[in-house]
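# Structure assessment
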Amino acid sequence: MTNITEKLELFEVFVRSKRGLDHKHVGSLHAEDHEQALEYARDCYTRRSEGVSIWVVKSADICSSQEDDADCFYDPNDDKPYRHATYYVLPDPVNNM
Amino acid sequence: MTSQEENFMRKIEAEEKIEPKDWMPEAYRKNLIRQISQHAHSEVIGMQPEGNWITRAPSLRRKAVLLSKVQDEAGHGLYLYSACETLGISRSEMIEQLQSGAAKYSSIFNYPTLTWADVGAIGWLVDGAAIVNQVSLQRTSYGPYSRGMIRICKEESFHQRQGYEAILALAKGSPEQKAMAQDALNRFYWPALMMFGPHDSESAHSQKSMEWKIKRETNDDLRQKFVDQTVKQIEVLGLDHPDKNIKWNEERGHYDSSDLNWDEFWSVINGNGHCNRQRIEHHVAAHDEGEWVRDALSAYNEKKRAKKAQNAA
């Protein structure tokens, strides 16, 4: 017998815990379609009112950078310490800017 | 008041954020589009006065720093255009409004950058004033705008510090360099104060914006904060304060200062600053020159789509 989850699609779930905050990834689940994924997500991830808004996105639709490639992917930024505020040494009386 | 309006006002009063899919009064949406797009345009047009000095920066280090800063401004423009798009206006509509003059940008960018010291003065004073405003806007009532401001504020501190460091080097340098720093301070101090906008009593959008918590502090209060924090910074540079009337007021707990030249303010806003025409002409030219890139992009996408369809068939 085929496992039912193999016929269902995988969705990633994002929950906004409070108005004004970003949606944050909380996990994934299997569902037939977006509507069902949203209901499952509510049942599964917000049982204790963890959120005020949920996003569901098909996992297959997510394009992601590869951890293994992180070195060369981010390398151009490593030799630019001057992009950080702390790089600039200012006299004490004005150092809070 | 309809129940929708009541619900909206209840959220505003409870310090809850309004999110893109929430119902909101049409005037709230319009007001936000005006303010956020103006803010985005300012980031983008703001690249011009500083970009003017990238090839002439006095050292490789200063050049790399300035490049990074100008690159950040483009990024900030992008954050803000994206936040504004959540209100149902397209990027091309916003750009059209900027180029036709229907939308404004901060009038500070209509002042020319005559010397290298101006680049330091902009980072220190112009970004400094922007930070005062943007820190306050982190608490704005519209969620995407608020989150954009939080992201921008994190990056902005570097801008002000690199500017101050650059002008400090001049202020502690030769007499000519010090004179150049003083001249830049004298020219940019007043326009920086004007960045906070007209007096509260003259500000067309202020009252409603405060009521809806789009703006959290008034123009004059924010301006006062900037005046207060800048006094010490000028002193450390060893430069003369451009405002001869600056004086600590014990009773108010703030510095008293001269009133601004409001005729100049309105004149620059209405298109008669040194660089108004040049800034927009340059934006139009850059946009037109980028046409082939956008065309190539859509041609390539079209080609990819056709190939995919062919493979599927």
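Since this is a predicted model, take the numbers as computed values, not measurements.

The next subject is the pattern of salt bridges. All told, the structure shown has 29 salt bridges over all chains when counted by the stated rule. Of the charged contacts in the structure, one is a salt bridge between Asp22 of chain A and Arg147 of chain B, with a shortest N-O distance of 3.3 Å. Pair noted here: Asp22 of chain A is in the loop between strand S1 (9-16) and strand S2 (24-31) and Arg147 of chain B is in helix H7 (residues 143-171), and the two residues belong to different chains. With relative accessibility at 45%, the residue Asp22 of chain A sits in the partly exposed group. Residue class for Arg147 of chain B comes out buried when judged on its relative accessible area of 12%. With a closest N to O distance of 2.7 Å, Glu217 of chain B and Lys225 of chain B form a salt bridge. Judged by its relative accessible area of 18%, Glu217 of chain B is buried. Overlapping salt bridges bring together Arg16 and Asp22 of chain A together with Glu19, Arg147 and Arg151 of chain B as one network.

For chain A, per-residue confidence averages 89 on the pLDDT scale, and residues scoring 70 or more make up 96% of the total. Mean pLDDT across the elements of chain A ranges from a minimum in helix H1 (residues 4-7) of chain A, with 71, to a maximum in strand S3 (residues 53-58) of chain A, with 96.

Residues and elements named next belong to chain B. Under the criterion given, the structure shown has 13 aromatic pairs over all chains. Judged by centre distance (5.6 Å) and plane angle (85°), the rings of Tyr28 and Trp212 are edge-to-face. With Tyr28 in helix H2 (residues 26-45) and Trp212 in the loop between helix H9 (206-211) and helix H10 (219-237), this pair connects stretches of sequence that are 184 residues apart. The exposure class assigned to Tyr28 is buried, which follows from its relative accessible area of 0%. Taking 6.5 Å as the distance between ring centres and 65° as the angle between the ring planes, the aromatic pair formed by Trp53 and Trp116 counts as edge-to-face. In this pair, Trp53 is assigned in the loop between helix H3 (47-51) and helix H4 (60-85) and Trp116 in helix H6 (residues 116-137), connecting sequence segments 63 residues apart. A residue is classified by how much of its surface remains accessible, and Trp53, at 10% relative accessible area, is buried. Exposure remark for Trp116: the relative accessible area of 10% places this residue in the buried category.

Attention shifts here to the interface of chain A and chain B. Taken together, the contact pairs 17 residues of chain A with 25 residues of chain B. A buried area of about 2,000 Å², summed over both sides, lies between chain A and chain B, and 56% of it is on carbon and sulfur atoms. It is Arg19, Tyr88 and Met97 of chain A that lose the most area in chain A upon contact with chain B, and together they represent 38% of the buried surface on that side. Put simply, chain A and chain B have five salt bridges between them. Summed over the shared surface of chain A and chain B, the result is 14 residue pairs in polar contact (both at pLDDT 80 or more). When its residues are assigned to classes, the side of chain A that touches chain B shows 10 nonpolar, three polar and four charged.

The phi angle at Ser49 of chain A is positive, at roughly 55°, despite the residue not being glycine. Structurally, Ser49 of chain A can be placed in the loop between helix H2 (34-45) and S3. Phi at Glu15 of chain B takes a positive value of approximately 65°, unusual for a residue other than glycine. Structurally, the position occupied by Glu15 of chain B is in the loop between helix H1 (3-13) and H2.

Conventions and cut-offs
- Residues numbered from 1 in each chain as written.
- Chains lettered and ligands numbered in written order.
- Predicted model: local features only at pLDDT ≥ 70, side-chain atom pairs only at ≥ 80, totals over all residues.
- Heavy atoms only, no water.
- Salt bridge = Lys/Arg side-chain N within 4 Å of Asp/Glu carboxyl O.
- Helix = DSSP H or I, 4+ residues; strand = E, 2+ residues; numbered from the N terminus.
- Buried < 20%, exposed > 50% of the residue type's maximum accessible area, 1.4 Å probe, protein only.
- pLDDT = per-residue confidence, 0-100.
- Phe/Tyr/Trp six-rings, centres within 6.5 Å; stacked < 30°, edge-to-face > 60°.
- Contact = heavy atoms within 4.5 Å.
- Buried area = accessible area lost by both parts, 1.4 Å probe.
- Polar contact = N/O pair within 3.5 Å; in protein donor to acceptor, adjacent residues only side chain to side chain.
- Nonpolar A, V, L, I, M, F, W, Y, C, P; charged D, E, K, R; others polar.

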